[in-house]
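# Working through the structure, step by step
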Amino acid sequence: MFLNDFPTEILNQIFTHLSFIDLSYCANVCQRWNSIVINYNYLTTFNIEQEMTIPHDEYQNTSSFHRKLIYRPVTSNLFIFVPNLKYLRIIVKKEKEDLKIAKQLLQVQGKTLEKIIVDSPPYSNDEPDERFHDETDLIHDLTDELITPNLRELILNARLPIVSIWNEKSRQIIRKVAIDVGHQSQSNCWSCYYSFGNWLKFFEMCGGMKITDNRADHAPFFSPSEDVQIDSTNVKSFPLVEYLSLRTNIFRNQNGFVDLLLKIFPNIKQFELETWTQEYSSSIDVIVDNLINLEHLKVRIWWCCGRKYKHYSLEQLYINDNIINKIISKLPKLLSIDLEGHLEFSDTCLEILNNNKNLKNIILKHGGIAGHKINDESYTQPIIHFSENALIEFAKSHPLLDQLEINIGQSMVPTIGFLTKFIQHCPKLKILKLYVVENDVSLLVDDKFKTSCPQLETFYVGISKE
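Residues numbered from 1 in each chain as written. Predicted model: local features only at pLDDT ≥ 70, side-chain atom pairs only at ≥ 80, totals over all residues. Heavy atoms only, no water.

Under an unreviewed UniProt entry, the protein chain has the name F-box domain-containing protein and belongs to Didymodactylos carnosus.

Following this line, the structure appears as structure tokens:
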């Protein structure tokens, strides 16, 4: 029996254990193998660190510090062209060696690729920006007509910097961007002061702006100052970018940063923000006053007070009825809302949500404030008080609802009778997660009820997790 006589199921089992490079060779064996490798998406992701680092047994005498820096030597015949490969996700850190490997892969495979996602592990890059130069510019190769002539869509989830300046083709094919202009540590409040230089670097990369920075070299801290001036008269935009994910320590209208961001990405419809601030409301104000065409909104906020262990006033970080009112009243096109943190809601929240009957996804979870715990009895826990009638009216007002994850409060008991009524009014609902504060909710929902609601792909009623 020849290997090619094996049924597809057996070949699939074999292929799942192979590396990206080994699979690329398999895809060149014959048309059948190529079809299997391509159609089952075995070659969709190339993780440079995972694929190229030398195994432990080959450098067991090397210190742990240097192990991260040891890669397999990249020979000229390491990569092989794979016919029919049109989509590729590259996971790359901003280390120079990673970028060189990614560029060599593009030199071999780029001509067939129509869509590329550049991704990077979160919070994995701790080196200073100064060590990166023009030769590490990955965007140049991604958008070079000779290297990737058929590229039609480029999504950037990689952290800065992977580029010195975007060229004109990149402006016409980039559709999604994730920007990280914050410091590495999300729990170090002093890291706020290091974001300013990253913002300036990002604006320089976008081109079309003249930046004058007359700050003293020994003053890295950020404060609004006339020493830094940005002329954005000739700013160049990315017209196809509708999705923007932003991680930053600065998200206010200081120095017009938000205004510049909107000039660069004028057509944002989906916005995800991860930021540090002294209050929730101020960041929401910036969003609803500037991004009026938003359809999808996700916000995660960490407390920042200048002192890492200083107690904080919870009222500054409540997600309450007022914040929901700002979002719903000023973002009429919104289809999805995702907020997490300390919640303080009443029936008013549900009545406000009823004003937008097009909402498909609602996530209002009590996940606490990341990195912090309430250990001072002088601060009270937020209160969520929804009535059963208000929740039923809420369900009636959202027939398009596809996903709902919500804390339903201290006084609400999700009985089978209530859940049956609720789901009847949401025929498209596929994901339902209700969080309560009862000590034991295991008896509230039985298996018979779950089987009577086949529309639900995910269903959960349980304790709210801090």
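### Side note on the overall build of the protein chain
A tally of regular secondary structure across the protein chain gives 16 helices and 17 strands. When each of the 466 residues of the protein chain is scored for burial, the buried share is 48%. If you take every contact in the protein chain between residues at least 6 apart in sequence, the share linking residues at least 24 apart comes to 78%. With an accessible surface of roughly 22,900 Å², the protein chain has 49% of that area assigned to carbon and sulfur atoms. (Helix = DSSP H or I, 4+ residues; strand = E, 2+ residues; numbered from the N terminus. Buried < 20%, exposed > 50% of the residue type's maximum accessible area, 1.4 Å probe, protein only. Contact = heavy atoms within 4.5 Å. Areas by Shrake-Rupley, 256 points an atom, 1.4 Å probe, with all protein chains shown as cover.)

### Things to note about helix H6 (residues 96–109)
For H6, spanning 14 residues, the distance from its first C-alpha to its last is 20 Å, which sits close to the expected 20 Å at 1.5 Å a residue. Listing the buried residues of H6 in full gives Asp98, Leu99, Ile101, Ala102, Leu105, Leu106 and Gln109. Take H6 and look down its axis: the buried residues cluster within an arc of 160°, on one side only. (Expected span 1.5 Å × (residues − 1). Arc of directions from axis to C-beta.)

### Focus on the pattern of salt bridges
For the coordinates displayed, the defined rule picks out 12 salt bridges. Residue Arg300 is joined to Glu340 by a salt bridge in which the shortest nitrogen-to-oxygen separation is 3.3 Å. Taken together, the residues Arg300 in strand E10 (residues 296–303) and Glu340 in strand E12 (residues 336–340) connect sequence positions 40 residues apart. The buried category is assigned to Arg300, whose relative accessible area is 17%. Each member of the salt-bridge network shares a partner with another, and the members are Arg300, Asp338, Glu340 and Lys365. (Salt bridge = Lys/Arg side-chain N within 4 Å of Asp/Glu carboxyl O.)

### Some remarks on helix H10 (residues 257–264)
Turning to H10, its buried residues number three or more, namely Phe257, Val258, Leu260, Leu261 and Ile264. Along the axis of H10, the buried residues cluster in a sector spanning 160°; they form a single face.

### Quick look at the pairing of strand E4 (residues 153–156)
The pairing of strand E3 (residues 115–119) with E4 spans four bridges and is classified as parallel. Considered in E4, the bridge of Lys115 is made with Glu153. Bridge count for E4 against strand E5 (residues 174–180) is three bridges, and the pairing is parallel. By the bridge assignment for E5, Leu154 is matched with Ile174. (Pairing = 2+ DSSP bridges.)

### Examining the packing of helix H1 (residues 8–15) against helix H3 (residues 31–39)
Orientation of H1 relative to H3, taken along the N-to-C sense of each, is 60°, at an axis distance of 11 Å. The hand of the H1/H3 crossing is right-handed. On H3, the residues that touch Thr8, Leu11, Asn12 and Phe15 of H1 are Arg32, Trp33, Ile36 and Val37. Classifying every residue of the contact of H1 with H3 by side-chain character gives five nonpolar, two polar and one charged. (Axes fitted to C-alpha atoms, helices over the stretch in contact; angles between N-to-C directions. Left-handed = near helix turned anticlockwise from the far one by under 90°. Nonpolar A, V, L, I, M, F, W, Y, C, P; charged D, E, K, R; others polar.)

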